[in-house]
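Breakdown of the fold
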Amino acid sequence: MKRSFFLTYRSFSAVSVFTGSFCLLISLASCSGSRKTANQYQTMVVKPVDPNATVANTSAERRTITKYAAYLKIDPDSLTNVTLYTFIDKWMKTPYKYGGIDENGIDCSGFIQRLLNDVYNIQVPRTSAQQFFTKNVEPFHDNSYFSEGDLVFFCTVPGNPISHVGMYLRNRYFINASTSSGVSLASLDDPYWKKRFVAAGRVKISKPMSTGSKQSQSTKPARQ
């Protein structure tokens with residue numbers, strides 16, 4: 001246990017240069033030992049129940065996938081979650097509004113709450129801090145471990161350890177609702193976000209237990 005905490009502390013030590021000691025202490029308290037168990041949960045991937053149900057919209061869906069693959073600078077064939085990118089396309093450029101929850105204006109945590117509910121049928125609390133600390137989101141800090149669907153948390157307000165949230169997509173890009181650009185894509189390598197990054201969080205999704213099984217199954221998510 002002591003060794004696990006020591007390793008976690010070292011992985012977070014570089015964050016203090018950017019986010020300040022207060023953000024670091026909160027992150028340590030919340031993320032200690034999380035990397036050990038994060039791979040127990042499957043990556044969030046939504047696929048149509050009936051493959052024939054989307055035939056009529058194949059062209060529109062392909063255009064959406066092709067557009068976002070270009071934004072993310074990846075092969076279009078690697079994007080399979082049509083539901084996610086269709087949702088993002090619908091909300092893209094929605095203006096930022098503190099406390100907003102609809103297409104007239106929405107804030108960062110409201111957008112993530114809507115995305116998780118509408119795309120994945122998963123309920124999370126309303127604010128970014130609550131989403132970070134909720135029991136079904138497991139924090140981790142290893143940036144080589146990101147996978148599509150992970151939440152990314154930032155310290156953008158001095159004295160507030162978690163004040164912004166987005167969702168990781170691919171190739172170091174994430175979707176968020178920012179005060180400057182509304183719903184938009186951003187890069188974790190952008191100096192502004194890189195300086196303020198605190199941790200990521202994997203939303204836990206356990207597979208249904210089979211008859212007679214004592215534990216729910218899970219799969220290790222692929223790295224992106």
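Residues numbered from 1 in each chain as written. Predicted model: local features only at pLDDT ≥ 70, side-chain atom pairs only at ≥ 80, totals over all residues. Heavy atoms only, no water.

1. Looking at the pairing of strand β4 (residues 151-154)
The side chains of a regular strand alternate between the sheet's two faces. Residues Leu151 and Phe153 of β4 are buried on one face, and the alternating residues Val152 and Phe154, pointing to the opposite face, are buried as well. Across four bridges, the pairing between β4 and strand β5 (residues 164-168) is antiparallel. By the bridge assignment, Val152 is partnered in β5 with Gly166. Where β4 meets strand β8 (residues 197-203), four bridges bridge the pair, whose relative direction is antiparallel. The partner of Val152 across the bridge, within β8, is Ala200. (Buried < 20%, exposed > 50% of the residue type's maximum accessible area, 1.4 Å probe, protein only. Helix = DSSP H or I, 4+ residues; strand = E, 2+ residues; numbered from the N terminus. Pairing = 2+ DSSP bridges.)

2. Some details on the layout of surface pockets
The space that makes up the largest pocket amounts to roughly 430 Å³. Lining of the largest pocket is provided by 25 residues; of these, Tyr96, Cys108, Ser163, His164 and Thr179 occupy positions nearest its centre. A per-class count over the lining of the largest pocket returns nine nonpolar, 14 polar and two charged. (1 Å grid on protein atoms, 1.4 Å probe; cavity = no way out; pocket = protein on both sides within 12 Å on 5 of 7 lines; lining within 4 Å. Points joined across faces, edges and corners; volume = space filled by probe spheres on them. Nonpolar A, V, L, I, M, F, W, Y, C, P; charged D, E, K, R; others polar.)

3. What to know about helix α6 (residues 108-120)
Along its 13 residues, α6 runs 17 Å from first to last C-alpha, staying within 8% of the 18 Å computed at 1.5 Å per residue. Buried residues of α6: Cys108, Ser109, Gly110, Phe111, Ile112, Leu115, Leu116, Val119 and Tyr120, and no others. Backbone geometry just after α6 places Asn121 at a positive phi near 60 degrees. (Expected span 1.5 Å × (residues − 1).)

4. Considerations on the packing of helix α5 (residues 82-91) against α6
Viewed as axis vectors pointing N to C, α5 and α6 meet at an angle of 140 degrees, and their least axial separation amounts to 10 Å. With respect to each other, α5 and α6 are oriented oblique. Classified by chirality, the crossing of α6 by α5 is right-handed. Along its contact with α5, which presents Thr83, Leu84, Phe87 and Trp91, the element α6 presents Phe111, Arg114, Leu115, Asp118, Val119 and Tyr120. Among the residues forming the contact of α5 with α6, the class breakdown is seven nonpolar, one polar and two charged. (Axes fitted to C-alpha atoms, helices over the stretch in contact; angles between N-to-C directions. Parallel < 35°, antiparallel > 145°, perpendicular 65-115°, else oblique. Left-handed = near helix turned anticlockwise from the far one by under 90°. Contact = heavy atoms within 4.5 Å.)

5. Remarks on the nonpolar core
Of all hydrophobic cores here, the largest spans 36 residues; its most connected members are Leu84, Tyr85, Phe111, Leu115, Leu116, Leu151 and Met167. Of all the elements in the fold, those that place two or more residues in this core are α4 (58-72), α5, α6, β4, β5, β6 (173-178) and β8. When residues in this core are grouped by element, the largest group, seven residues, is from α6. With sequence-adjacent residues up to four places away left out, Phe111 is seen in contact with Phe87, Trp91, Ile106, Ile175, Asn176, Ala177 and Val183. (Core = buried A, V, L, I, M, F, W, Y, C linked by side-chain atoms within 4.5 Å.)

6. Observations regarding the pattern of salt bridges
Across all of its chains, the model carries eight salt bridges by this definition. As a salt-bridge pair, Lys67 and Asp89 come within 2.5 Å of each other at their nearest N and O atoms. Taken together, the positions of Lys67 in helix α4 and Asp89 in helix α5 put the pair 22 residues apart, joining distant regions of the chain. (Salt bridge = Lys/Arg side-chain N within 4 Å of Asp/Glu carboxyl O.)

7. Examining the sheet that holds strand β7 (residues 182-187)
Read from one edge of the open sheet, six strands run β3-β8-β4-β5-β6-β7, paired in antiparallel fashion. Edge positions in the open sheet fall to β3 (137-140) and β7, since each of these has one partner strand only. On average, each strand axis in the sheet is inclined to that of its neighbour by 30 degrees, with strand direction left out of account. Note that β3 and β8 share four bridges and pair antiparallel. Directly across from Phe140, in β8, lies its bridge partner Ala200.

8. Here we look at the environment of Asn160
Summarising the element assignment, Asn160 is placed in the loop between β4 and β5. Under the relative-accessibility criterion, Asn160 is labelled partly exposed at 29%.

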